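Overview (structure and organization)
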Amino acid sequence: MPPAPDIRIPLDVPSEEQERYRENYRTITHGTGRLMLFAGDQKVEHLNDDFYGEGIHPDDADPEHLFRIASRARIGVFATQLGMIARYGEDYRDVPYLVKLNSKTNLVGTTQRDPLSSELHLVRQVVDLRDRTGLAILGVGYTIYLGSEYEPMMLFQAAQIVNNAHANGLTTVLWMYPRGKAVKDERDPHLIAGAAGVAATLGSDFVKVNPPKAGGTMDAALLREAAAAGGRTGVVCAGGSHADAPEFLQQLHDQIHVGGTVGNATGRNIHQRPLDEAVRFCNAISAITLDDAGVAEAVGIYEGGK
Amino acid sequence: MPPAPDIRIPLDVPSEEQERYRENYRTITHGTGRLMLFAGDQKVEHLNDDFYGEGIHPDDADPEHLFRIASRARIGVFATQLGMIARYGEDYRDVPYLVKLNSKTNLVGTTQRDPLSSELHLVRQVVDLRDRTGLAILGVGYTIYLGSEYEPMMLFQAAQIVNNAHANGLTTVLWMYPRGKAVKDERDPHLIAGAAGVAATLGSDFVKVNPPKAGGTMDAALLREAAAAGGRTGVVCAGGSHADAPEFLQQLHDQIHVGGTVGNATGRNIHQRPLDEAVRFCNAISAITLDDAGVAEAVGIYEGGK
Amino acid sequence: MPPAPDIRIPLDVPSEEQERYRENYRTITHGTGRLMLFAGDQKVEHLNDDFYGEGIHPDDADPEHLFRIASRARIGVFATQLGMIARYGEDYRDVPYLVKLNSKTNLVGTTQRDPLSSELHLVRQVVDLRDRTGLAILGVGYTIYLGSEYEPMMLFQAAQIVNNAHANGLTTVLWMYPRGKAVKDERDPHLIAGAAGVAATLGSDFVKVNPPKAGGTMDAALLREAAAAGGRTGVVCAGGSHADAPEFLQQLHDQIHVGGTVGNATGRNIHQRPLDEAVRFCNAISAITLDDAGVAEAVGIYEGGK
Amino acid sequence: MPPAPDIRIPLDVPSEEQERYRENYRTITHGTGRLMLFAGDQKVEHLNDDFYGEGIHPDDADPEHLFRIASRARIGVFATQLGMIARYGEDYRDVPYLVKLNSKTNLVGTTQRDPLSSELHLVRQVVDLRDRTGLAILGVGYTIYLGSEYEPMMLFQAAQIVNNAHANGLTTVLWMYPRGKAVKDERDPHLIAGAAGVAATLGSDFVKVNPPKAGGTMDAALLREAAAAGGRTGVVCAGGSHADAPEFLQQLHDQIHVGGTVGNATGRNIHQRPLDEAVRFCNAISAITLDDAGVAEAVGIYEGGK
Amino acid sequence: MPPAPDIRIPLDVPSEEQERYRENYRTITHGTGRLMLFAGDQKVEHLNDDFYGEGIHPDDADPEHLFRIASRARIGVFATQLGMIARYGEDYRDVPYLVKLNSKTNLVGTTQRDPLSSELHLVRQVVDLRDRTGLAILGVGYTIYLGSEYEPMMLFQAAQIVNNAHANGLTTVLWMYPRGKAVKDERDPHLIAGAAGVAATLGSDFVKVNPPKAGGTMDAALLREAAAAGGRTGVVCAGGSHADAPEFLQQLHDQIHVGGTVGNATGRNIHQRPLDEAVRFCNAISAITLDDAGVAEAVGIYEGGK
């Protein structure tokens, strides 16, 4: 298990919200400073591609599948849109939520127009929902497409969201993706490190990046530059492949122990599996992320032992 | 008659508005969870094409025709713009209304510019009208063109509208249409399922989709993917053809009992008929939607028996 | 004289403003339901083209000419911009005013860019001026270019203006002009009927359209479709030609008695004449519009008898 | 000396601000209704081109040169940006100021993109500065590029500024310049008259136009159409040439006595001279504008007699 | 040491904030009127290019390196984004901060689209952070790309920021860079002087410009025009080369004593060095800027003597 770090409370959290922020941070990291984020925002991002079709278990066709996994598995936080939480949250009050504040579909490609993902809900609406319902809404998330011609609008919204979220004791995760006509190689390690650095300047608690590649090949060591550039903003990374579970878990282990990341953000690799398997896969991921388990131990958890 | 479902109140309805929301939902679904939406927003969407010309009864030339039908027929809710309700509502206080909040004309085609349909009225203005007049304004509606270059603006407005409507005890219907240069096949079942899923992430009560086609042919079974993807957001569908009434009613029956939809949104097929016939046609639709009547029974209602 | 109709107060007029709305409506229609609108907003729309040059009387070079006519003639309402009223209104307190809220010049043509006419003043500012000065500001007007790529912005502003105007007891007139690259025939009767229908959905009291043509020829009967489509929103029409006065008055008579319009909006045809003649021409128009006078009688008024 | 006109207070000046407006108007016109505007906004409009280089006296390199002139010379009002007043105003409390509210550089040419000059400061900020400091801030100014594709935005900002300025007792000057791809001849007298008319519809106290030309030649008589079109909005004009002083003063005299303007707006022709000469040149201009002095007398003032 | 100037408080600083402004100004200039600005905003502007790679010391990979330098060295003010201050400021309470309010990445080049750098945080949020935490946040900064097609938006934001900053007792620095398709030579001395003049019209305390070149060659004397054009807005300049330290210090000395600037803004040249060397280099710069030290003395400080 990783050493429990002191929690540093950023200065944009006012004193009356510091205890809440501390608890939120402790909860989503299980007191470890590491984050296991279960990503469930793809119903907009990828429409129904991730939920129905060959190689996807029928359980995944129902949006409630995401909540069932989030409720039964050991996760840090479940990221999804506010509307989903409003509609299912009453039946899943035990889930730790992070509201993904922007989303776009994949219909308009970069060759047609540079990507813009605009805010759907305001931090104020998230706070209202939290305060009225008592749901465990612990953070908010936002995607920035660096290098898009709409970068200025997304940088502004992100900066405001981090500031407003902290003002209300919420933690933040920024999804930083270089994308647009100006971006030649979205997986360039140096560019991804730059993206992590931008998240640091925006004051986010965590930044989610895609795994960098050199010469088309992933290598966890390529993440070190990003981990350094993020500074106190922890870098979390997608497993990044549809590989089989052991390979996925090995990559995750390497990202943390070689690359210096502090966790993962995983969606499809989890929810495209049937419920029980998805839960076990979450638990395997969490064992590596939160307990410093080895890969073999994690594979054992996934395969059904415990 | 379909089983009366428990009404699930979404969490963005505050406690002081929950009773109103419950009653609104019960009223528009006649306690069945099914929705018969009489669509009367085409005076903007199609200008006068749907109201005057060959094959359209002269009754339809007068906007009041819509209100006469809505008043005499058995419907769930009548959807039209706020200005229409303001001008005719006093004489039709018995009609259950849903305010369609955005509309655009059909003049600018997709080849010229991707579609944008912007908000005309604010939820606050709908609530003011409801509260001052006591009219039965029970919900609001909004159209999103997924895949348009203006998708971000419409997603934002829709998300805000659902949130604000629920905050005021109003129900919501989103018209989800994939459209724009990036959309190759607007009727693709997988894409329509994705659109239903987006409505779910926005927390809408209902989503209206066009009937999907495979190889150019409609088949109610193609709706199953969308019905699943919508989750707790009920899918309603247009009858989708200018076919004769029995064929229309058979399609509707199939959509519900084969495709898994929870109702229909029908406009032109109703109001282009003379008043008495339009009323009987509404009632036939409602018999299928709300009473689980068979097609033969519904045709009988349409043809004048009762 | 036309039968004095009951005044239907739209529901977006709150109870505390209903008496004011009723009086405003009665005043601008002289209790007849018919509207004689003297249009004086062309100093922006046509720059100085309508006020100076061959065939235009020198009286028209001075903006005050408009006020002199409005003050001495029998009109329903004088439409001009707020700034004009602010500067001349003190000397013309007897004039019934309608504030035209948007205007654009004719410099940028449709081949260069689709038309956008944006709000200049807010309804709130009109109400402030009315309430502080006691001027007879009885309504507001706004132009929409249907089919322009900027249609969404103008539909939104128009919807808001009607709603806000009614909330303050003001009447409304929408100028509805199909225009833009997507519009093949601005005078198509079916398209103009559609435009009248849009004004109805926005809840306006009156809609001003251009006279439709079929095969390049005007015919008052072509207005019937628009008059029907407008429903409770009364259609007013430009005389539409620079023809001599008797021909103009015959056209107006036909528009009302054949086409079903409820009045006219006339500008250049009035103010390009010297003051006395302009006043007599106004009075002739009003005789037809407000008194159901015949054309011969109206021509007599214009020619100086009374 | 011209007859002291009655001051007409526009109706958008509320009663509690009428005395202030009257005093401001009287001050900037020296009680004559004529305006001598010393224009000092070119540090944005022309960058350093007007302040440094061949034929420009070194005094002009320092921004304070403008304030020194404004303080020592007889002027109506000194127009410059708010930031300049904030930084030098304490040392030049005797200067009558007009805040130029928008400005753009000359870098992006019309062939690249139509001109847009956006508001820099809000009327509210001008009023705050005036009220807190007691500076003689007597009016505000704004430039509109008629015929630009951005005309709607500038018309809106200008209309709001005039309304808000009058609401706070401030006088207004609009710089009206036809410019953009759609404008073939910026100096066309008929077009400039149209521009003056637009300023009238916006309710401005004064409008500044460039001197019109016919066949490439200036002629003061060409201004008569604009003077008429402006109505109660007084037309002021640039001297319009880098000609020698006597020629400049002759043109100004003609503009007033032949063209019907009520004054001038002059910048470079004043401040590119050394301080003493600039002061004498201002005084010469003021003698013509405010005292109805002849050209010979004015030249005498400029040349140092008094 | 330069003479301690009287501090001129601009008039947009209200009386209740004048003492704070005076102290802030005195602190960032060490009472000299000269400014040594340590620029640390490049994590957005240049992504990770300035922090990792050949010729950059590994210390620079960690964002905290910037704070360590700012804390140990003698500087006027450390400029960085709000998010960075929120996350590290608690551990570096002794640092004098200036919040850089806008930033953009270098991904989208000018050939693709003219530069736009939009506000990230509002002055209000800076003031909240200052007032709640007691951090020494003494000023704000903003970049304008003059000549960009987005110039109007940046001029507006900058004008508002200066006004709001002064209203809260904060000092201001504007980074003025001519850039965009319309700009042929970003280093043209006349153009840079124009840019300094624009900052003066916006009322900024300081303006940062790039060192001008003539015929591709830098020469401190070329700055004189800009220093004059800035007037009471002090011009600070980048050292502008990756030259060795003595050459850099000589250039800085010349900028001040030949070019008439009042200081420098330096980033990469400092933080790409290891911590101790970076601190000594800062101190050498400060010796020239704040103490009027000679180049040899400054080189001695850099090389380790004191």
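Because the structure is predicted, anything quoted here is derived from the model rather than measured.

Each copy of the sequence occupies a distinct position, and chain A is placed on chain E by a rotation of 72° and an axial shift of 0.0 Å, giving an RMSD of 0.0 Å. Put plainly, the chains are arranged around a five-fold axis.

Here we come to helix H3 (residues 64–72) of chain D. Looking at H3(D), one finds that the buried residues are D:Glu64, D:His65, D:Leu66, D:Phe67, D:Ile69 and D:Ala70. Looking at the buried positions of H3(D), the neighbouring elements they touch are strand E1 (35–39), strand E2 (77–80), helix H4 (82–88), strand E3 (97–100), helix H10 (268–271) and helix H11 (275–291) of chain D.

Summing up the model confidence of chain A, the mean pLDDT is 95 and the portion of residues at 70 or higher is 96%. With a pTM of 0.96, the predicted complex shows an ipTM of 0.96.

Time to look at the interface of chain A and chain E. Interfaces are often sized by the amount of accessible area the parts lose when they come together. Of the residues lining the interface, 44 residues belong to chain A; the matching set on chain E comes to 39 residues. Of the roughly 3,200 Å² buried between chain A and chain E on both sides combined, carbon and sulfur atoms contribute 57%. E:Arg113 is paired through a salt bridge with A:Glu149; the nearest N and O atoms lie 2.4 Å apart. Put simply, chain A and chain E have 19 residue pairs in polar contact (both at pLDDT 80 or more) between them. Mapped onto the side of chain A that touches chain E, the elements with two or more residues apiece are helix H6 (151–167), helix H7 (189–201) and helix H8 (224–230) of chain A. Looking at the side of chain A that touches chain E, its residues break down into 20 nonpolar, 15 polar and nine charged.

Glancing now at the UniProt feature "active site" (unreviewed entry) in chain A. Residue and element names in this part refer to chain A. In the numbering used here, UniProt assigns the feature "active site" (unreviewed entry) to Tyr 177 and Lys 208. These annotated residues cover 32 residues of sequence, but their C-alpha atoms sit close together, with the largest distance between any two at 8.5 Å. You can see Tyr 177 is positioned in strand E5 (residues 171–178). Overall, Tyr 177 belongs to the buried group, its relative accessible area being 12%. Apart from residues no more than four positions distant in its own chain, Tyr 177 is found in contact with Thr 143, Ile 144, Tyr 145, Leu 146, Lys 208 and Asn 210.

What follows covers the arrangement of the chains. For the non-touching pair chain A and chain C, the nearest C-alpha separation works out to 18 Å. Spatially, chain B and chain E are disjoint, and the shortest separation between their C-alpha atoms is 18 Å.

Time to look at the pattern of salt bridges. Side chains bearing opposite charge may pair, as long as their charged atoms lie close to each other. With the rule as written, the count across this model stands at 100 salt bridges over all chains. Here C:Asp41 ties to C:Lys100 by a salt bridge, and the two come within 3.0 Å at their closest N and O atoms. Of this pair, C:Asp41 sits in the loop between strand E1 (35–39) and helix H2 (42–45) while C:Lys100 sits in strand E3 (residues 97–100); the two residues are 59 residues apart in sequence, bridging distant segments of the chain. The pair formed by C:Asp41 and C:Lys100 is uniform in burial state, with each residue classed as buried. With a closest N to O distance of 2.7 Å, D:Glu17 and D:Arg20 form a salt bridge. One end of the pair is D:Glu17 and the other is D:Arg20, both in helix H1 (residues 15–28) and three residues apart, which spans about a single turn. Bridged by salt links that share partners, the residues A:Asp62, A:Glu64, A:Arg68, A:Asp91 and B:Arg232 form one connected network.

What counts, and at which threshold
Residues numbered from 1 in each chain as written. Chains lettered and ligands numbered in written order. Predicted model: local features only at pLDDT ≥ 70, side-chain atom pairs only at ≥ 80, totals over all residues. Heavy atoms only, no water. Least-squares fit on C-alpha atoms with pLDDT ≥ 70 in both. Buried < 20%, exposed > 50% of the residue type's maximum accessible area, 1.4 Å probe, protein only. Helix = DSSP H or I, 4+ residues; strand = E, 2+ residues; numbered from the N terminus. Contact = heavy atoms within 4.5 Å. pLDDT = per-residue confidence, 0-100. Buried area = accessible area lost by both parts, 1.4 Å probe. Salt bridge = Lys/Arg side-chain N within 4 Å of Asp/Glu carboxyl O. Polar contact = N/O pair within 3.5 Å; in protein donor to acceptor, adjacent residues only side chain to side chain. Nonpolar A, V, L, I, M, F, W, Y, C, P; charged D, E, K, R; others polar. UniProt positions renumbered as here; feature names shortened; annotations may be inferred.

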